Amino acid sequence: MPGIDESLLEAMRLPGARGASLVDWISGLALGAVGEAPGGDWEATAAETAELARHVAESGSLAAGETGTAADPGKAPPVQDLIATTGDAYHLLRFVSTPFDSTVFLHLWLGRDDGNLAMARIRLAEMADRLVLG
């Protein structure tokens, strides 16, 4: 079972991957990062994407019909992943379920020209399921 560094390096092997990080969406801190950072600064990117992830994860309207919220210890966030698109890239945020508080997500920055968003979603979900934190 891979840890943070191994998972991030695996994400970078995806076609079109520009950068990848693991972020705590409560604190806004990057727990690990590889590759290029959008805007050139992983800490700023982590803080900004954490704001977006926190808003989505805590949104009641996006989780209609779900039970539990990310604020419940041991409960997975009600949203599985989030995709933001720009003119030349995709930002894929995949929430990671953990036995303690489930407040982390994988962030993959993927180029639109050579990336495959569908494959990246599947692979990132697999990585999130196998990720070992601790």
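Quick summary incoming for the structure in this document.

Calculation criteria
- Residues numbered from 1 in each chain as written.
- Predicted model: local features only at pLDDT ≥ 70, side-chain atom pairs only at ≥ 80, totals over all residues.
- Heavy atoms only, no water.
- Salt bridge = Lys/Arg side-chain N within 4 Å of Asp/Glu carboxyl O.
- Helix = DSSP H or I, 4+ residues; strand = E, 2+ residues; numbered from the N terminus.
- Buried < 20%, exposed > 50% of the residue type's maximum accessible area, 1.4 Å probe, protein only.
- Core = buried A, V, L, I, M, F, W, Y, C linked by side-chain atoms within 4.5 Å.
- Contact = heavy atoms within 4.5 Å.
- Phe/Tyr/Trp six-rings, centres within 6.5 Å; stacked < 30°, edge-to-face > 60°.

Some words on the pattern of salt bridges
For the structure shown, the criterion picks out 5 salt bridges. A salt bridge links R130 to E10; the shortest N-O distance between them is 2.7 Å. Linking R130 in helix 3 (residues 117-130) with E10 in helix 1 (residues 4-12), this pair joins segments that are 120 residues apart in sequence. Since its relative accessible area comes to 30%, R130 is described here as partly exposed.

Here's the deal with the nonpolar core
V96, L106, L108 and L124 are the most contacted members of the largest nonpolar core, which totals 19 residues. Listing elements by their share of this core, those giving two or more residues are helix 1, strand 1 (17-24), strand 4 (89-96), strand 5 (104-111) and helix 3. In contact with L108, other than residues within four places in its own chain, are A11, L14, A17, G19, A20, Y90, H91, L92, A120 and L124. One finds W25, A46, V79 and F95 within the second-largest nonpolar core, a separate group that totals 13 residues.

Thoughts on the packing of aromatic side chains
Two aromatic rings are characterised by how far apart their centres lie and by the angle between their planes. For the coordinates displayed, the defined rule picks out 1 aromatic pair. Consider the rings of F95 and F105, whose centres lie 6.2 Å apart with planes at 55°: the pair is tilted. With a gap of 10 residues between them, F95 in strand 4 and F105 in strand 5 connect regions that are remote in the sequence. Classification of F105 as buried rests on a relative accessible area of 0%.

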